Amino acid sequence: MSGVIVSMRRTLLSCTSLARNGLLGSAFAALLPAAPAEAADLVDTLSIMLDFNRQELAVLATALALLGFSVVAAILLMRTRVRTADNEARLRARIGELQLQADRFGALLFAEPQVLISWPAGDNRAQISGDISMVLPRNSSPQRVLAFGTWLPPEPALQMDHAVDALRQHGDGFQLTLTTAHGHTLEAIGRAIGGQAIVRIRELSGLRRDLAETNLRYKALSDETEMLRGFAAASPWPIWAKGENGALTYANPAYVRATEANSVTDAQERKLELLDSADRTAMDRGLKDAANFNSRLPIVIGGERRMYDVRAVNVGSGSVGVAIDASEADALSSALVRMAEAHRRTLDQLSSGVAVFDGQRRLAFYNDSYRRLWDLDRTFLDANPDDSSVLDQLRAARKLPEQPDFRAWKGKLHEAYRAVETAKDTWFLPDGRALSVVTTPNPEGGVTYLFDDVTESLDLARRFDGLIRVQRETLDSLAEGVAVFGSNGKAQLFNPAFARMWKLSSDAMRGEPHIQTVEGWCHQLFDDPGVWRQIREAITSIENRADIPLKLERKDGSVLHGMIRPLPDGATMSTFQDITDTENVERALRERNEALEAADQMKVDFVHHVSYELRSPLTTIIGFAHFLSDPSTGPLTPKQAEYLDYVTKSTNALLALTNNILDLATIDAGAMKLELGPVDVSKTIELAAEGIQDRLATDRIRLKVEIAPDIGSFIGDEKRVVQVLYNLLANAVGFSPQDSTVGISARRTERSVVFTVTDSGPGIPADMKDKVFNWFESRSQGSRHRGAGLGLSLVRSFVELHGGKVRVDSIVGRGTVVICDFPTDQAAHRDAAE
């Protein structure tokens, strides 16, 4: 390069006449950056040049610039070639070193059997290298390695597919331990390195395989432990574990709740136990003797006693246990046992013969009807014979139907053990009986035989056919119209009376017309649309079928009583009866009854009115009679005194009668109120007896009083009780003959005080016993008794107001006994009345 610069210097010096401008040196200095010293000398040389004109200087500058660019380009080219040669030498040396290193790494990598699979980024083609014989047979295509299902079981193959997909798509690394279909243990490691997805598969052997298997077992054991702990925590049953010394080492939340502890630690510290001491002793004994314990025990949890299935087993140096709530199962088991026993008792009561054979075709159950039906020995049946043995014994005794091929017949019968549906048959036995046989396969295996003696049923069926014909003739002869309509609304049956009653053609009815058609024919006699709609709905409806009574008043003046009645087979029977005459009689009777009720009410009203109207003048007459009998009014002649005595007695009797009528009227109106208080029984009888002393003396009748010593008193209206006893005694005296005895007694029972009045009069006929308590019922029956017939009516009314009862016992010719029961507890009577 220095030679080039010297040559250029010489050229420029020869052209000094063209280089006078000092700016040219700066240009060359810029063009020659690689040789600054030489360029400076060149500039100094150029600076001494003489001046040129400006046009010549521009041409010279351009030429020099081109020359400088060429020189610089040549210099750069020479430098590039030298640098390239140096780099190539160094690169060849580096490649040699890398090749040696790659050979060493390859030898190290494939020192043991393994397979490498790599997928470059963006390329689905896999590059496979290594020993594929560890997973595939020799001479197999390397690409078959990617079909994991060819050398792995289904589940590991699926796991490998998912892991490789995650590695290639998301760069997720993995490490799997796989077992091939031939039992080899492999390790598969996947990593994303340098933009490639690489999978390395190698066989685990020796310590490394043992370590991997140990890790797998540890992980599986850890997962299983966590799963079991989670299950125990979520379990509703108490679960616990105890150590060798019997101390609690684990308990789930259910155990903590059952023992009412605050936590597991609290249960351990307080040594809370689920079982009582006796059950714990039994469990410890079972674990010691048999290494396990299983029993159903009662446990009180939350104040409730329930049954639990307690199971415990020795595990290692300790034991674990669980208590499963079996209350419902225990109840269901007991119910099942009771149900089975009830079914057995029920089957024993059946008239049908029942025999149950189990899955081994041996007799498992029979009822007494089965034994009596075939007249079999109980000892033979209790030995659980098989089905064939029973049939053979029955055949030997000629109790089965005669068969040309008994073996084939028995084989067909035993097809029931393989059947799924019930089969029915009828056996005609040599002794003339006919049996209905039903064979039902049991869900748990075996067959149930059901035998019914249908000899009588068949005979009844024959009789029934004859009876149907008789009934048909009877139906045709009925005066009542009958028609039966099927579930489709069409007439299935009718008798001539129905056709005549509705003026229908028998031929038309035999065509089974629909109820709407029949309705149209009957409109000429009865056209009420509501009634016909009710009849149609009753015949054609499916639900709410019930009897519907009808009463039809037809246009011709006749009245029909009808009944629409559903039949069990879905049909509907309609019956019509002409009750025109009955209706007329009933109407007349109803009118007469209304008239009688009006007359009875008029009688009551009249009695009430007259009683009130009579009481006022009677009171006046009685007052003046007492006034006249008073000595202060002046003396009376004996005859006047006798007449005044008659007047007094008559007015008193009339006042008593009026008072009785008023009392009955008050009771009848519901306005009578009892003035309750203590009633002394002895005093009450004494007061009632005083009122009849004059009559007893006049008729020479003796009064016999019998009162229990402990009779005491009861709660009632004393005035009304005296009035009851007075009327009973007066009635007894009136019917008793002279020189006889009238008795009155009183006794106390648990809930009442009983008064009894007896006489020796003529008695009461049986047809009169129900009438003696009615108003104005008075018959002398040949005695001296005369009265209005209100006394016994008052007796019954007052006793019933007290909540008691009155009854009459009488024998004609031997007297009468009247018994009155007064309850002692009036409060209970009022509560019952309310």
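About the criteria used
- For every chain, the first residue of its written sequence is number 1, and the numbers climb from 1 along that sequence.
- Restriction of local features to residues with pLDDT of at least 70 applies here, the model being predicted, together with a cutoff of 80 or more for giving and counting side-chain atom pairs; totals for whole chains, interfaces and linings are based on all residues.
- Processing note: side-chain calculations cover all non-hydrogen atoms of the structure and skip hydrogens and water entirely.
- Starting at the N terminus, helices and strands are each numbered in turn, a helix being any DSSP run of H or I of at least four residues and a strand any DSSP run of E of at least two.
- Exposure categories follow from relative accessible area, calculated using a 1.4 Å probe and restricted to protein chains: below 20% of the type maximum is buried, above 50% is exposed, and the middle band is partly exposed.
- Contacts are assigned to residue pairs with any non-hydrogen atoms lying within 4.5 Å of each other.
- A fitted line through C-alpha atoms serves as each axis, taken over the contacting stretch for helices, and the angle formed by two N-to-C directions is quoted from 0 to 180°.
- Convention used here: angles under 35 degrees read as roughly parallel, angles over 145 as roughly antiparallel, angles from 65 to 115 as roughly perpendicular, and any remaining angle as oblique.
- Should the near helix be turned counterclockwise from the far one by less than a right angle, the crossing is left-handed, whereas a clockwise turn marks it as right-handed.
- Whether two strands pair comes down to DSSP finding at least two bridges between them.
- Between the rings of Phe, Tyr and Trp (Trp by its six-membered ring), a pair exists once the centres lie within 6.5 Å; its type follows the angle of the planes, with under 30 degrees stacked, over 60 edge-to-face, and the other angles tilted.
- pLDDT: the predictor's confidence for each residue, scored from 0 to 100.
- Only residues whose relative accessible area exceeds 30% and that form no salt bridge enter a patch; like-charged residues are grouped when within 9 Å of one another, and nonpolar side chains (Val, Leu, Ile, Met, Phe, Trp, Tyr) when within 5 Å.
- Accessible areas in this description were obtained via Shrake-Rupley with a 1.4 Å probe; residue shielding takes into account the shown protein chains only.
- A side-chain nitrogen of Lys or Arg and a carboxyl oxygen of Asp or Glu constitute a salt bridge if their distance falls within 4 Å.
- Here, nonpolar core means buried Ala, Val, Leu, Ile, Met, Phe, Trp, Tyr and Cys residues that are tied together by side-chain atoms lying within 4.5 Å of each other.
- Multiplying one less than the number of residues by 1.5 Å gives the expected span of a helix.
- Working note: the arc is built from the helix axis to C-beta atom directions.

A. Seen up close, the overall build of the protein. A count of helices and strands for the protein gives 26 helices and 27 strands. Taken over 834 residues, the protein has a buried fraction of 34%. When contacts within the protein are restricted to residue pairs at least 6 apart in sequence, long-range pairs at least 24 apart make up 50% of them.

B. Quick peek at the packing of helix 22 (residues 681-690) against helix 24 (residues 718-735). Interaxial distance between helix 22 and helix 24 falls to 8 Å at its minimum, and their mutual angle equals 50°. Judged by the angle between their axes, helix 22 and helix 24 are oblique. Between helix 22 and helix 24 the crossing geometry is right-handed. Facing Lys-683, Thr-684, Ile-685, Leu-687, Ala-688 and Ala-689 of helix 22, the residues of helix 24 in contact are Glu-718, Val-721, Val-722, Leu-725, Tyr-726 and Leu-729.

C. Quick look at the sheet that holds strand 14 (residues 434-441). The antiparallel open sheet is built from 5 strands, whose spatial order is 12-11-15-14-13. Either end of the sheet is taken by a strand with one partner, and the two such strands are strand 12 (363-366) and strand 13 (423-428). Averaged over all pairs of adjacent strands, the angle between their axes in this sheet comes to 20°, without regard to strand direction. Looking at chain direction, strand 14 and strand 15 (residues 447-453) are connected through 7 bridges and run antiparallel. Directly across from Ser-436, in strand 15, lies its bridge partner Asp-452.

D. Layout of the pairing of strand 7 (residues 248-251). One ladder, built from 3 bridges, connects strand 6 (residues 239-242) with strand 7; its direction is antiparallel. Bridge pairing in strand 7 places Lys-242 opposite Leu-248. Hairpin connection between strand 6 and strand 7: a loop of 5 residues separates the two successive antiparallel strands, and Gly-246 in this loop has a positive phi of roughly 85°.

E. Local environment of the packing of aromatic side chains. Within the structure shown, the criterion is met by 16 aromatic pairs. Plain terms: the ring middles of Trp-409 and Trp-427 are 5.2 Å apart, the flat faces sit at 55° to each other, and that makes the pair tilted. Of this pair, Trp-409 sits in helix 14 (residues 406-413) while Trp-427 is found in strand 13, placing the two residues 18 residues apart along the sequence. Note on Trp-427: relative accessible area 4%, which makes it buried.

F. Up close: the confidence of the model for the protein. Averaged over all residues, the pLDDT of the protein equals 78, while 82% of them reach at least 70. Every residue in residues 1-54 is under pLDDT 50, and counting partners more than four places away or in other chains gives 58 contacts. The low-confidence segment residues 782-788 (pLDDT under 50) makes 20 contacts with residues lying over four places distant or belonging to another chain.

G. Representation of a nonpolar patch on the surface within the structure. Together, Phe-464, Leu-467, Ile-468 and Val-470 make up a nonpolar patch on the protein surface, roughly 350 Å² of accessible area in all. You can see Ile-468 is positioned in helix 15 (residues 455-476). A relative accessible area of 37% means that Ile-468 is categorised as partly exposed.

H. Expanded view of the pairing of strand 20 (residues 572-578). Across 5 bridges, the pairing between strand 16 (residues 481-485) and strand 20 is antiparallel. Residue pairing across strands places Val-482 opposite Thr-575, the latter belonging to strand 20. Where strand 19 (residues 559-566) lies against strand 20, 7 bridges are found, and the strand directions are antiparallel. Looking at strand 20, one finds that Ile-564 is bridged to Ser-574. Turn length for the strand 19-strand 20 hairpin, with the two strands adjacent in sequence and antiparallel, is 5 residues, and the turn residue Gly-570 shows positive phi of about 95°.

I. Examining the packing of helix 13 (residues 387-396) against helix 14 more closely. Put simply, helix 13 and helix 14 touch, their axes get as near as 12 Å, and they point 140° apart. With respect to helix 14, the axis of helix 13 lies oblique. Read as a crossing pair, helix 13 and helix 14 show a hand that is right-handed. Between helix 13, through Ser-388, Leu-391, Asp-392 and Arg-395, and helix 14, the contact on the second element is made entirely by Phe-406, Lys-410 and Leu-413.

J. Region of the structure containing the nonpolar core. In terms of nonpolar packing, the biggest core is built from 37 residues, with Val-681, Phe-714, Val-724, Leu-728, Phe-755, Cys-820 and Phe-822 touching the most fellow members. Of all the secondary structure elements, the ones that give two or more residues to this core are helix 22, helix 24, strand 24 (741-748), strand 25 (752-759), helix 25 (791-801), strand 26 (805-811) and strand 27 (815-823). Setting aside anything within four residues of it in sequence, one finds Val-681 in contact with Ile-711, Gly-712, Ser-713, Phe-714, Ala-746, Val-753 and Phe-755.

K. Representation of the pattern of salt bridges within the structure. In the structure shown here, the tally under the stated rule is 24 salt bridges. The closest approach of N and O atoms between Arg-296 and Asp-309, which form a salt bridge, is 2.7 Å. Separated by 13 residues along the polypeptide, Arg-296 in strand 8 (residues 292-301) and Asp-309 in strand 9 (residues 304-315) bring together distant segments of the chain. Owing to a relative accessible area of 13%, Asp-309 belongs among the buried residues under this scheme. When the shortest N-O distance is used, the salt bridge between Asp-821 and Arg-807 registers 3.6 Å. Separated by 14 residues along the polypeptide, Asp-821 in strand 27 and Arg-807 in strand 26 bring together distant segments of the chain.

L. Spatial organisation of the sheet that holds strand 25. If you walk across this open sheet you meet the 5 strands as 22-24-25-27-26, and the pairing is mixed. The open sheet has two free edges, formed respectively by strand 22 (702-707) and strand 26, since each of these has just one partner strand. Adjacent strand axes in the sheet meet at a mean angle of 15°, parallel and antiparallel pairs treated alike. As defined by bridge partners, strand 22 adjoins strand 24 across 6 bridges and the pair is classed as parallel. Bridge pairing in strand 24 links Leu-703 to Val-742. Strands strand 22, strand 24 and strand 25 of the sheet are contacted by helix 22, whose axis makes an angle of about 170° with strand 22. With respect to the sheet, helix 24 is in contact with strand 22, strand 24, strand 25 and strand 27, its orientation differing from that of strand 25 by roughly 20°.

M. Examining helix 5 (residues 154-170) more closely. Given a rise of 1.5 Å per residue, 17 residues ought to cover 24 Å, and the 24 Å separating the end C-alpha atoms of helix 5 matches this to within 8%. What helix 5 keeps buried is the set Pro-156, Ala-157, Met-160, Ala-163, Val-164 and Leu-167. Looking straight down helix 5, one finds that the buried residues subtend no more than 130° of arc, so they occupy a single side. More than 90 degrees from the buried face of helix 5, the exposed residues found are Pro-154, Glu-155, His-162, Gln-169 and His-170. Remark: Gly-171 follows helix 5 within two positions and exhibits a positive phi of approximately 75°.

N. A look at the environment of Lys-399. In this structure, Lys-399 sits in the loop between helix 13 and helix 14. On the accessibility criterion, Lys-399 (21% relative accessible area) is partly exposed. Along the primary structure Lys-399 and Leu-429 are separated by 30 residues, whereas in three dimensions their C-alpha atoms are 6.3 Å apart. In this structure Lys-399 touches Trp-374, Asp-375, Leu-394, Leu-429 and Pro-430, once residues within four positions along its chain are discounted.

O. Highlighting unusual backbone geometry. You will see that Asn-384, though not glycine, has its phi angle at about 55°, which is positive. Examined against the element boundaries, Asn-384 turns out to sit in the loop between helix 12 (378-382) and helix 13.

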